[in-house]
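In case you want the letters, here they are:
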Amino acid sequence: MKHGSYSIGVITLAVLCGLPAFAQVPPAAAPQVPTVKATVEEVLLDIIVRDKKGRPVLDIRPEELTVTDNGVRQTVTSFRLVSGSEAISRDGATAKLDPLRQLRLVTLAFEPLGEIDQRRTARAAAIDLINGEQATNVYYSVVAVNMRLLLLQQFTNSKHALTRAIERATEGYAGPKLMSESDAIMAELRRQLAGQTVNGADQLLVAASQTASQNTVSGKPGPNADFFAPVLARVMLDMLRMDQGALTQGARLSIYALRSLVQGLQSMPGRKSVIYFSTGMYETPELDVPFRNLMSQANRANVTFYSVDTRGVMTAAQNQQAGRELSAAAAASATTVKRTEGAVTKEEVWAMDRAEASGRANVQLAIRQLAESTGGFLIGDSNDLRGPLRKVNEEISSYYELTFNPHIQNYDGSFHPLAVVADRKDLVIHARNGYFALPPEARAIGVETYELPLLKAISDGQALTGVKFRSGAVRLAPRSDGTELLMLVEVPLHELEARPDPARNTLNIHCSITALVKDSKGRVVEKLVRDRPLMVTADQLKMGNLVDKMTLTLPPGGYTVESAVMDRESGKIGTVRSEFTLAPHEKGVGISSITQVRSYTPNVKGLDPNEPFQFQGGSITPTLDTSVPRTQDAALRLFVIVYQDRSMPQKPSLEIEFLKDGQSLTRAPMALPDADAEGRIRCVMTIPAAAIPPGNYEVRATARQGDTSMETSVPVSIAVIQE
């Protein structure tokens, strides 16, 4: 078929469409209380003071304490003891707490516990904790960290509901079952917030406070009614939204999931605690930065961690692996010292690595550091955790609050160590150990220290080309609350400076990524952040790409994606800006963006049923590169998903069209199989590149079902490779 002077000739369209391997299943006057006023410039500390026998000390005066920030003594600007439902000021005056401003939020976070005894121990301790006598305004939630942050019970003071959630978290369920339950709870939270016209915890608290005051005047139920429901629902959704960034396994997933809890809680007043049940954490060197950032964010958000090691009595066994690693390193090092000739062995090359690993092999060290650095403590080496957890209940009920202004002149991201000491002897003070000096607006959105130069590059608005990369949003499923998207950042590895590692015969690269999605008013609605140290081979450096992605759902409107990537070895930064528009979609067939396929891995085990880029049991690696070399072996492979409207009796159809300069060159209807249980039909189109003349084209896909239709298109460039 010819149009003008352009011809396609014979093009073979091999369209492979199939089902995925997995189915997705007048207000009253407020009482006057002694308050601790904390501005955005001030540091708020809640501290626990005990005597040498572990008993709470409740008569500390502020003049008995010395507080230092970054080594500089600070002036305490406000101080009080919070005890039960009362606040006692520095001059001894006692007043009732405002329950709406003094919520005490406790999150029980459970890692997968493999052994039956570990699950039984954790379950008994957690149920004993929530059944104990509770302080005023204490709300618990239950989450699991299993491939992602899973919500099993939103904040509540219902002991029955909490007990059921704890039992589910400790029954050894597989991830998919817990994911299904978590998704159902999330849907209910969104339903509770439907029509909510205020955004953010502060505005929600104002609305709740007004409602509580009005109901008190009218004789309706008091402050323990459902005024808190929208506040607590928003906190939980914030936690889960933050967690969408976690894409890797093991300790990294745990760190990012815990950071999501902190970021979700940071806007709320009052004391906030996370009780973290796990079997330890192997915190490797590449996780040092995100681990330190987790503790810093917890300290600035006033969140305390209590780590619970569920492995039971392990005092003698904690350091066995560390001893083995250190002995092996010492033996290899001794051999190296004595050697006078011959080749160096692999054990000798790895001696320093094994020596470092020996210091990290005790997996209790990281969770101890997490707790003690945030003002909590480690509970472990016991087969009965109920007694130690009762101390946590004491600390939730009674603690000191103080504030000071550190007068930071330069928010340079440096670490500010904190110390609180008492003049009185034989006291033990649990306090936070420090924070990173970040500007208030950065803290509000949970900024990592390495993000500062990236955010500055984005805010400067200059097009930087130090690192060339691609970034954009891929439209997925139309939903009742908006359109589901996948935000992609794709960095060719050859754009990054590599540092050779002779010991491993690899190359080390390190890049940091920040991408902001802004609405038409310039407000940030979503953020993707990654810090990626990688070891690669020479071939991977030459040909490989780093692809990071994040799913989100946005309402109709215009949006901008502003991205920045920094090569940590060279300090070079690149920026990319793109725009997209989401149209309303009420009824009928839907279609995703067309995305080019970079590679395909068949027969992938354990595919996440929520992963959009999969096809016939295999995994697709997408690319935003729209250029294809015109060679004999090259092919243009395009991926698209058709979304069937299951309320309509007709089956959907799909038509593919090639255009050049706005003129249609060829058009082919495609027969589709039945949709899967979620109404999705995934398609991969394979077109030999050698059959397409060089030039720039547009590929358009139109889905139809009944009297509804939807189309999408993508530009494609067929490039001639010069010999």
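The rules behind these values
Residues numbered from 1 in each chain as written. Predicted model: local features only at pLDDT ≥ 70, side-chain atom pairs only at ≥ 80, totals over all residues. Heavy atoms only, no water. Helix = DSSP H or I, 4+ residues; strand = E, 2+ residues; numbered from the N terminus. Buried < 20%, exposed > 50% of the residue type's maximum accessible area, 1.4 Å probe, protein only. Areas by Shrake-Rupley, 256 points an atom, 1.4 Å probe, with all protein chains shown as cover. Pairing = 2+ DSSP bridges. Core = buried A, V, L, I, M, F, W, Y, C linked by side-chain atoms within 4.5 Å. Contact = heavy atoms within 4.5 Å. Lys, Arg positive; Asp, Glu negative; His and termini not counted. Salt bridge = Lys/Arg side-chain N within 4 Å of Asp/Glu carboxyl O. Polar contact = N/O pair within 3.5 Å; in protein donor to acceptor, adjacent residues only side chain to side chain. Axes fitted to C-alpha atoms, helices over the stretch in contact; angles between N-to-C directions. Left-handed = near helix turned anticlockwise from the far one by under 90°. Nonpolar A, V, L, I, M, F, W, Y, C, P; charged D, E, K, R; others polar. Parallel < 35°, antiparallel > 145°, perpendicular 65-115°, else oblique. Arc of directions from axis to C-beta.

Novice: What exactly am I supposed to notice about the overall build of the chain here?
Specialist: Helix and strand counts for the chain stand at 15 helices and 38 strands. A buried classification covers 52% of the 723 residues belonging to the chain. As displayed, the chain has an accessible area near 33,000 Å², and 51% of this comes from carbon and sulfur atoms.

Novice: When you look at the pairing of strand 17 (residues 415-422) in this model, what are you seeing that I'm missing?
Specialist: Relative to strand 17, strand 5 (residues 65-69) runs antiparallel, the two being bridged by five bridges. Bridge pairing in strand 17 places Asp69 opposite Leu418.

Novice: Please clarify how the nonpolar core should be interpreted in this entry.
Specialist: Soluble globular proteins tend to pack their nonpolar side chains together in the buried interior. Counting residues in each nonpolar core, the largest one holds 34 residues, and the members touching the most others are Met281, Phe291, Leu294, Val303, Phe305 and Leu370. Contributing elements (two or more residues each) for this core: strand 10 (104-110), strand 11 (138-145), strand 12 (149-156), helix 6 (250-265), strand 13 (272-278), helix 7 (288-300), strand 14 (303-309) and helix 11 (364-373). Looking at this core element by element, the count peaks at eight residues for helix 6. Among all residues touching Phe291, those that are not within four sequence positions of it are Ile255, Met281, Glu283, Ala366, Gln369 and Leu370.

Novice: I'm lost on the side chain of Lys272 in this one. Help?
Specialist: Within the secondary structure, Lys272 sits in strand 13. Buried within the structure, Lys272 lacks any salt-bridge partner; Asp46 is the closest side chain of opposite charge, at an N-O distance of 8.1 Å. Within polar-contact distance, the side chain of Lys272 engages the backbone oxygen of Leu265 at 3.4 Å. A polar atom in the side chain of Lys272 sits 2.6 Å from the backbone oxygen of Ala301.

Novice: Any chance you could explain the sheet that holds strand 10 here in plain terms?
Specialist: Whether parallel or antiparallel, the strands of a sheet pair through hydrogen bonds between backbone atoms. Across the sheet, which stays open at both edges, the six strands sit in the order 12-11-10-13-14-15 with mixed pairing between neighbours. Unpaired on one side and paired on the other, strand 12 and strand 15 (378-379) mark the two borders of the sheet. Pairing between strand 10 and strand 11: seven bridges, direction parallel. Paired with Arg104 across the strands is Val138, a residue of strand 11. Its contacts with the sheet put helix 1 (residues 116-131) on strand 10, strand 11 and strand 13, and the angle it makes with strand 10 is roughly 170°. Helix-sheet contacts for helix 12 (residues 386-397) involve strand 10, strand 11, strand 13, strand 14 and strand 15, and the interaxial angle to strand 13 is about 165°.

Novice: Help me understand the sheet that holds strand 19 (residues 434-436), please; the structure alone is not making it clear to me.
Specialist: In spatial order, the strands read 6-5-17-19; together these four strands make up an open sheet with antiparallel pairing. Each having just a single partner strand, strand 6 (72-73) and strand 19 make up the two edges of the open sheet. As judged from the two bridges shared by strand 5 and strand 6, these two strands associate in the antiparallel manner. Within the sheet, the bridge partner assigned to Thr68 lies in strand 6 and is Arg73.

Novice: I'm lost on the pattern of salt bridges in this one. Help?
Specialist: Any two side chains of opposite charge can pair, given that their charged atoms come close. Counted by the stated rule, this structure contains 35 salt bridges. Among the salt bridges present, the one from Arg50 reaches Glu395, with a minimum N-O distance of 3.3 Å. One end of the pair, Arg50, is in strand 4 (residues 43-51); the other, Glu395, is in helix 12, and 345 residues separate them in sequence. With a relative accessible area of 5%, Arg50 lands in the buried category. Here Glu395 falls in the buried class, since its relative accessible area comes to 1%. Arg704 is the partner of Glu655 in a salt bridge, and the nearest nitrogen-oxygen pair spans 3.9 Å. Separated by 49 residues along the polypeptide, Glu655 in strand 34 (residues 653-660) and Arg704 in strand 37 (residues 695-705) bring together distant segments of the chain. With relative accessibility at 37%, the residue Arg704 sits in the partly exposed group.

Novice: Explanation requested: the pairing of strand 10 in the structure shown.
Specialist: Within a regular beta strand, the side chains point alternately toward one face of the sheet and then the other, so they alternate between its two faces. The buried fraction of strand 10 is high, at seven of seven residues. Burial along strand 10 is two-sided: Arg104, Val106, Leu108 and Phe110 facing one way and Leu105, Thr107 and Ala109 facing the other are all buried. The pairing of strand 10 with strand 13 spans six bridges and is parallel. By the bridge assignment, Phe110 is partnered in strand 13 with Phe277.

Novice: Mind showing me how you'd approach the packing of helix 1 against helix 12 here?
Specialist: Helix-helix packing is described using two parameters, namely the angle between the two axes and the distance between the axes. Where helix 1 contacts helix 12, the axes come no closer than 9 Å and their chain directions differ by 35°. The element helix 1 and its partner helix 12 pack so that their crossing is right-handed. Residues Ala124, Ala125, Ala126, Asp128 and Leu129 of helix 1 form the contact with helix 12, whose own contacting residues are Arg386, Leu389, Arg390 and Asn393. Considered class by class, the residues forming the contact of helix 1 with helix 12 number five nonpolar, one polar and three charged.

Novice: What is the right way to look at the packing of helix 1 against helix 2 (residues 159-169) in this model?
Specialist: At a closest axis distance of 10 Å, the pairing of helix 1 and helix 2 adopts a crossing angle of 170°. It follows from the interaxial angle that helix 1 and helix 2 lie roughly antiparallel. Judged by the twist between their axes, the crossing of helix 1 over helix 2 is right-handed. Across the interface between the two elements, Arg123, Ala126, Ile127, Ile130 and Asn131 from helix 1 touch Lys159, Leu162, Thr163, Ile166 and Glu167 from helix 2. Classifying every residue of the contact of helix 1 with helix 2 by side-chain character gives five nonpolar, two polar and three charged.

Novice: Explain the environment of Leu261 to me, please; I cannot follow it from the model alone.
Specialist: Secondary-structure assignment places Leu261 in helix 6. Given the relative accessible area of 0%, Leu261 is considered buried. Each C-alpha atom, one on Leu261 and one on Leu149, is 8.8 Å from the other, the two residues being 112 residues apart in sequence.

Novice: I tried to follow the environment of Val142 on my own but got confused; where do I start?
Specialist: Inspection of the secondary structure assignment puts Val142 in strand 11. Classification of Val142 by relative accessible area gives buried; the value is 0%. As a C-alpha pair, Val142 and Thr163 span 21 residues in sequence and 9.5 Å in three-dimensional space. Sequence-distant contacts of Val142, that is, excluding residues within four places in its chain, are made with Leu108, Phe110, Leu150, Leu151, Leu152, Gln153, Leu162, Ala165, Ile166 and Ala169.

Novice: Explain helix 14 (residues 452-460) here, please?
Specialist: Residues three or four positions apart in an α-helix share a direction because the helix packs 3.6 residues into each turn. When we look at burial in helix 14, the residues that qualify are Leu454, Leu455, Ala457 and Ile458. One face of helix 14 carries all of its buried residues, which in axial projection span an arc of 155°. Across helix 14 from its buried face, at more than 90 degrees, point the exposed residues Lys456 and Ser459. Packed against the buried residues of helix 14 are strand 23 (506-519), strand 26 (557-567) and strand 27 (573-582).

Novice: Would you take a moment to explain the environment of Val576 for this structure?
Specialist: Secondary-structure assignment places Val576 in strand 27. Separated by 15 residues in the primary sequence, Val576 and Val561 place their C-alpha atoms 8.0 Å from one another. Other than its neighbours up to four places away in sequence, Val576 contacts Phe469, Ser471, Val561, Glu562 and Ser563.

Novice: Can you help me understand unusual backbone geometry in this one?
Specialist: Glycine aside, negative phi is the norm for most residues, and most peptide bonds take the trans geometry. Even without being a glycine, Asp426 presents a positive backbone phi close to 60°. Along the chain, the position of Asp426 falls in the loop between strand 17 and strand 18 (427-430). Even without a glycine there, the phi angle at Asn603 is positive, about 50°. Relative to the helices and strands, Asn603 resides in the loop between strand 29 (595-601) and strand 30 (614-615). Note on Asn603: relative accessible area 66%, which makes it exposed.

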